[in-house]
Amino acid sequence: MSILSPGRIRDARLEPNLAVECDYAIVGSGAGGSVAAAVLADAGARVMLVEEGGHFTRRDFNMQEAWAYDALYQDHGNRATEDLSIVILQGRTVGGGTTVNWTSSFRTPDRTLALWAARHGLSGLDAAALAPHFAAVEARLSIREGDPDDVNANNRKLLEGARKLGWNPELIRRSVKGCARLGYCGMGCPLDAKQTAALTYIPDALAAGAHLFTNARAKLIETDRGRAKGVVCDVTVANSPRPKRFVVYARQGVLLAGGAINTPALLLRSKIVNASQALGQRTFLHPTVPLVSFYDEPIEAFYGAPQSVACHHFADRGDRVGYFLETAPVHPMLSAVAFSGFGDAHRRTMERLAHAQATIALLIDGHHDDPGGRVRADPDDRIRIDYPLSPALREAAVDAIKNMARLQLAAGAREVVTLHEDPLVIRSEADLAQVDGAAFGPNRHTLFSAHQMGGAAMGSDRATSVVDARGRHHELENLWVVDGSIFPTSLGVNPQLSIYAHARLFATEIARRH
Amino acid sequence: MTVSRRGFLKKGLVGGAILAGGGVLALMAAPGKRTRSPHGKLAVLSPYEYAIFSAAAARLVPGDGAAAWPSAEALQLGDELDALLARLHPAAARDFKRLLHVFESAVTGLTSSGTPLPFTRCSPAQQDRRLEAWRHARVELLRSGYQAMKRLAHALYYSSPKIYERVGYPGPPVVPQGPA
């Protein structure tokens, strides 16, 4: 139990100190950083978190896309792969991705853990080791069995279509308490019903004496004789041409939880590159293929719990890349960006928004020979993400479009409209043959990612991984990675809960040393 | 173009060399038209760049066939874009400005859609043809460039509450705010 007086959230822009000192510095306040901070602070360590985003609460969450994506997402909602072929939705605020995610909560699938053990040389990390940590996080985030009352019309189409086809849909467990099913999880919950890190593990950490500095962007990790010494941050100050430097020195160690794009980039900028060359490689995105169908009756997919139904029927396709099906809300801005075309043709699609249902297929990348993407850090601090669409991924995407169309037709869709640049209209099984002939590739079909994984993978072999099975860096013994970067492949499920559980396991073992 | 096709394809949207090359071409081309003027002081865009984006946005959002819809001009998309670019990484803003010059260029107009005019001097039909040509281009970089302009124009336009009713979206519900 901590004996420190409670900490607080402090705006680094207003911080009079140029440097502060603690036992553990943690970069990032999302799923991984928050739970690690709570565990270490509770063990009596002096913990300081730095968060590049701002601190927003339910009073700020106005459910307007124009505000939310700008304020709460990386690159003000404009993060994408280098060629713009995949739009990347990723949080950048206190609570990180947990503040903006759609609440879907899954444990790491056993088959994914088995794959890591068999093909990525990861020993000592299995379902049994993780189970108590999953249970603890599920309790803290109020994750309970899926609730049929959560299912809105958008998700009901997925449920009904999959049931008719015998594809075994399931209700999704959600991290909510007192949810009113407004439909705005992605813009911050105005009711504090979503149990984000900002409402759970961050308050726990602060109560145990941790401090959280906002608007502080980790620029470099300082090292000294094989040890991480601290985190150098840039703090952008209004009316100043250059950012202010703010340093958090760490006596015991540094934990990285900036997410699976920013963490590899931070390590690359800091030139903490190990011999394996694995750093920044094998970045996985669950490349996500949306398919929109239209119904005679209103669907109003902008309202209601965004995700309550999933279908993993196609997750294991043998030697072909698998995928799983969920839904996406259809608020005007996100939909307008996703719908292809422009001008009046685009307008005519937008005019049917209230009748649109959006199914998404998330491709399970990294489980086969597909190498994923790569994160690069430019000398000017810009982050670049390359993600080539391998033939195996393209095959899976085309297969997914056809199966999603079958599902939507089974659910009673009047028509299905693909998001190819030349949209296909599908009204019956006979129309599906067109999908095979349609051009599919970068910027020929809408793709996005809400799940970022890999880039600083766990592994027992230093030649092919960056950290060990407890998140510790292979070269720097007091540096840990506790976010989605550690996953050797994509998960095949929404990653938030897995990030929490892995981070809690790692932090618990770090705390034992303290 | 002095960049090899292979090098060309390897560059991203904001890869630098090709867009810088395009920038030179843009300077060699006939002057464009600045029919649209900013509503306030610009932070990142030049008045010319503002006019190029505004002209493209006017075609990307609902056009003349939809009288009840606000125009790109009415929603001040050029000004909104300028404010957004000011918040992005300076290198990203710089690359988007380069893209606008390449898109405007009469030379790329000739090679992409057969119209040897700056985009801002094209008729609406010619402008649509140029956008279509970039949208479907075999060269990945042009498709990326189209998507950059398309997504930004659509994001800025369709996030405005002024279009909610038009798309059948009643807007966010009213949420009672209890004590914080």
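Look above for the structure.
The text that follows walks through the structure, step by step, so that each part is easy to find. (Residues numbered from 1 in each chain as written. Chains lettered and ligands numbered in written order. Predicted model: local features only at pLDDT ≥ 70, side-chain atom pairs only at ≥ 80, totals over all residues. Heavy atoms only, no water.)

## Some words on the pairing of strand β17 (residues 373-377) of chain A
All names here are of chain A.
Now for step 1: Strand direction decides the pairing type here: strand β12 (residues 281-284) and β17, joined by 2 bridges, are antiparallel. By the bridge assignment for β17, Thr-283 is matched with Gly-373.
Now for step 2: Bridge count for β17 against strand β18 (residues 383-386) is 4 bridges, and the pairing is antiparallel. Looking at β18, one finds that Arg-376 is bridged to Arg-384. (Pairing = 2+ DSSP bridges. Helix = DSSP H or I, 4+ residues; strand = E, 2+ residues; numbered from the N terminus.)

## Focus: the packing of aromatic side chains
Now for step 1: This structure, assessed with the given rule, holds 19 aromatic pairs over all chains.
Now for step 2: An angle of 70° between the planes, with centres 6.3 Å apart, marks the rings of Trp-69 of chain B and Tyr-158 of chain B as edge-to-face. With Trp-69 of chain B in the loop between α3 (47-60) and α4 (77-87) and Tyr-158 of chain B in helix α8 (residues 140-158), this pair connects stretches of sequence that are 89 residues apart. For the pair Trp-69 of chain B and Tyr-158 of chain B, one class covers both residues: buried.
Now for step 3: Taken together, the aromatic side chains of Phe-302 and Tyr-303 of chain A together with Tyr-164 and Tyr-169 of chain B make up a single cluster linked through ring pairs.
Now for step 4: Residue placement shows Arg-352 of chain A over the ring face of Phe-294 of chain A; its charged tip is 4.0 Å from the ring centre.
Now for step 5: In this structure, Arg-130 of chain B is placed above the aromatic ring of Phe-103 of chain B, and the distance from its NZ or CZ to the ring centre is 6.0 Å. (Phe/Tyr/Trp six-rings, centres within 6.5 Å; stacked < 30°, edge-to-face > 60°. Buried < 20%, exposed > 50% of the residue type's maximum accessible area, 1.4 Å probe, protein only. Lys NZ or Arg CZ within 6 Å of the ring centre and 35° of its normal.)

## Focus: the packing of helix α5 (residues 127-140) of chain A against helix α13 (residues 496-513) of chain A
Residues and elements named next belong to chain A.
Now for step 1: Two numbers describe how α5 lies on α13: the axes approach to 8 Å, and their chain directions differ by 115°. The pairing of α5 with α13 is recorded here as roughly perpendicular in orientation. Once α5 is placed against α13, the crossing between them reads as right-handed. Across from Ala-129, Leu-130, His-133, Phe-134, Ala-136, Val-137 and Glu-138 in α5, the residues of α13 making contact are Leu-497, Ser-498, Tyr-500, Ala-501, His-502, Arg-504, Leu-505 and Thr-508.
Now for step 2: For the contact of α5 with α13, a count of residues per class yields 9 nonpolar, 4 polar and 2 charged. (Axes fitted to C-alpha atoms, helices over the stretch in contact; angles between N-to-C directions. Parallel < 35°, antiparallel > 145°, perpendicular 65-115°, else oblique. Left-handed = near helix turned anticlockwise from the far one by under 90°. Contact = heavy atoms within 4.5 Å. Nonpolar A, V, L, I, M, F, W, Y, C, P; charged D, E, K, R; others polar.)

## A word on the packing of α4 of chain B against α8 of chain B
The description of two packed helices rests on the angle between their axes and on the distance between the axes.
Residue and element names in this part refer to chain B.
Now for step 1: Two elements in contact, α4 and α8, have axes whose closest approach is 10 Å; the angle formed by their N-to-C orientations is 110°. Between α4 and α8, the angle is such that the two are roughly perpendicular. Contact with α4, carried on its side by Leu-77, Glu-80, Leu-81 and Leu-84, involves Leu-152, Ala-153, Leu-156 and Tyr-157 of α8 and no other residues of that element.
Now for step 2: In the contact of α4 with α8, the residues fall into 7 nonpolar, no polar and 1 charged.

## Here's the deal with the sheet that holds β17 of chain A
Residues and elements named next belong to chain A.
Now for step 1: Reading across from one edge, β18-β17-β12-β22 is the order of the 4 strands in this open sheet, with antiparallel pairing throughout. A strand with exactly one partner marks an edge of an open sheet, and here the two such strands are β18 and β22 (453-454).
Now for step 2: Sheet strands touched by helix α8 (residues 262-269): β17, β18 and β22. Its angle to β17, the strand with the most contacts, is close to 45°.

## Considering the side chain of Gln-357 of chain A
All names here are of chain A.
Now for step 1: For Gln-357, the position within the fold is in strand β16 (residues 356-363).
Now for step 2: Its relative accessible area of 0% is what places Gln-357 among the buried residues.
Now for step 3: Within the structure, the side chain of Gln-357 is placed 3.1 Å from the side chain of Gln-408, a separation counted as a polar contact.
Now for step 4: Among all residues touching Gln-357, those that are not within four sequence positions of it are Asn-154, Lys-157, Leu-158, Leu-291, Val-292, Ser-293, Tyr-295, Ile-299, Thr-327 and Gln-408. (Polar contact = N/O pair within 3.5 Å; in protein donor to acceptor, adjacent residues only side chain to side chain.)

## Let's talk about the pairing of strand β15 (residues 323-327) of chain A
For a regular strand, side-chain orientation follows a simple rule: the groups alternate between the two sheet faces.
Residues and elements named next belong to chain A.
Now for step 1: Counting buried positions over the 5 residues of β15 gives 5, a clear majority of the element.
Now for step 2: Alternating positions in β15 separate into two faces, Tyr-323, Leu-325 and Thr-327 on one and Phe-324 and Glu-326 on the other, with burial throughout.
Now for step 3: Pairing of β15 with β16 involves 5 bridges; the strand directions are antiparallel. Looking across to β16, one finds that Tyr-323 is bridged to Leu-363.

## Focus: the interface of chain B and chain A
Now for step 1: Tallying the contact residues gives 55 residues for chain B and 48 residues for chain A.
Now for step 2: One can count 3 salt bridges joining chain B with chain A.
Now for step 3: Across the pair Asp-70 of chain A and Arg-87 of chain B runs a salt bridge whose closest N-O atoms are separated by 2.8 Å.
Now for step 4: Broken down by secondary-structure element, the contributors of at least two residues to the side of chain B that touches chain A are α3, α4, α5 (90-104), α7 (124-135) and α8 of chain B.
Now for step 5: Of the residues forming the side of chain B that touches chain A, the biggest block, 12 residues, is contributed by α8 of chain B. (Salt bridge = Lys/Arg side-chain N within 4 Å of Asp/Glu carboxyl O.)

## Here's the deal with the nonpolar core
Now for step 1: Ranked by size, the top nonpolar core spans 136 residues in total, and within it Leu-77 and Phe-96 of chain B carry the most contacts.
Now for step 2: Ranked by residue count, the leading element in this core is α8 of chain B, at 11 residues.
Now for step 3: With residues up to four places along the chain from it excluded, the contact list for Phe-96 of chain B reads Phe-53, Leu-81, Leu-85, Ala-148, Met-149 and Leu-152 of chain B.
Now for step 4: Core analysis: the second largest hydrophobic core is formed by 87 residues, Ala-218, Val-231, Cys-233 and Leu-279 of chain A among them. (Core = buried A, V, L, I, M, F, W, Y, C linked by side-chain atoms within 4.5 Å.)

## Points about the pattern of salt bridges
Now for step 1: All chains considered together, the criterion is met by 47 salt bridges over all chains.
Now for step 2: In this structure, the salt-bridge partner of Arg-181 of chain A is Asp-150 of chain A, at a minimum N-O distance of 2.6 Å. Of this pair, Arg-181 of chain A sits in the loop between β7 (173-174) and α7 (201-207) while Asp-150 of chain A sits in the loop between α5 and α6 (153-164), and the two are 31 residues apart along the sequence.
Now for step 3: For Asp-150 of chain A, a relative accessible area of 7% corresponds to the buried category.
Now for step 4: Residue Asp-95 of chain B pairs with Arg-382 of chain A through a salt bridge whose shortest N-O separation is 2.9 Å. With Asp-95 of chain B in helix α5 and Arg-382 of chain A in the loop between β17 and β18, this pair bridges two chains. The same class applies to Asp-95 of chain B as to Arg-382 of chain A, namely buried.
Now for step 5: Beyond isolated ion pairs, a larger network of salt bridges with shared partners links Glu-52, Arg-92, Arg-217, Lys-219, Asp-234 and Asp-381 of chain A.

## What about the environment of Gly-471 of chain A?
Now for step 1: The topology assignment puts Gly-471 of chain A in the loop between β22 and β23 (479-481).
Now for step 2: What Gly-471 of chain A contacts, discounting residues up to four positions off in sequence, is Leu-479, Trp-480, Val-481 and Phe-506 of chain A.

## Section: helix α1 (residues 31-42) of chain A
All names here are of chain A.
Now for step 1: In this model, α1 (12 residues) spans 17 Å end to end at C-alpha, consistent with the 16 Å of a helix rising 1.5 Å per residue.
Now for step 2: With respect to burial, α1 is a largely interior element, 11 of its 12 residues being buried.
Now for step 3: Close packing links the buried residues of α1 with β2 (19-27), β3 (47-50), α3 (97-100), α7, β11 (244-256) and α13.
Now for step 4: Just beyond α1, the residue with positive phi is Gly-44, at close to 100°. (Expected span 1.5 Å × (residues − 1).)

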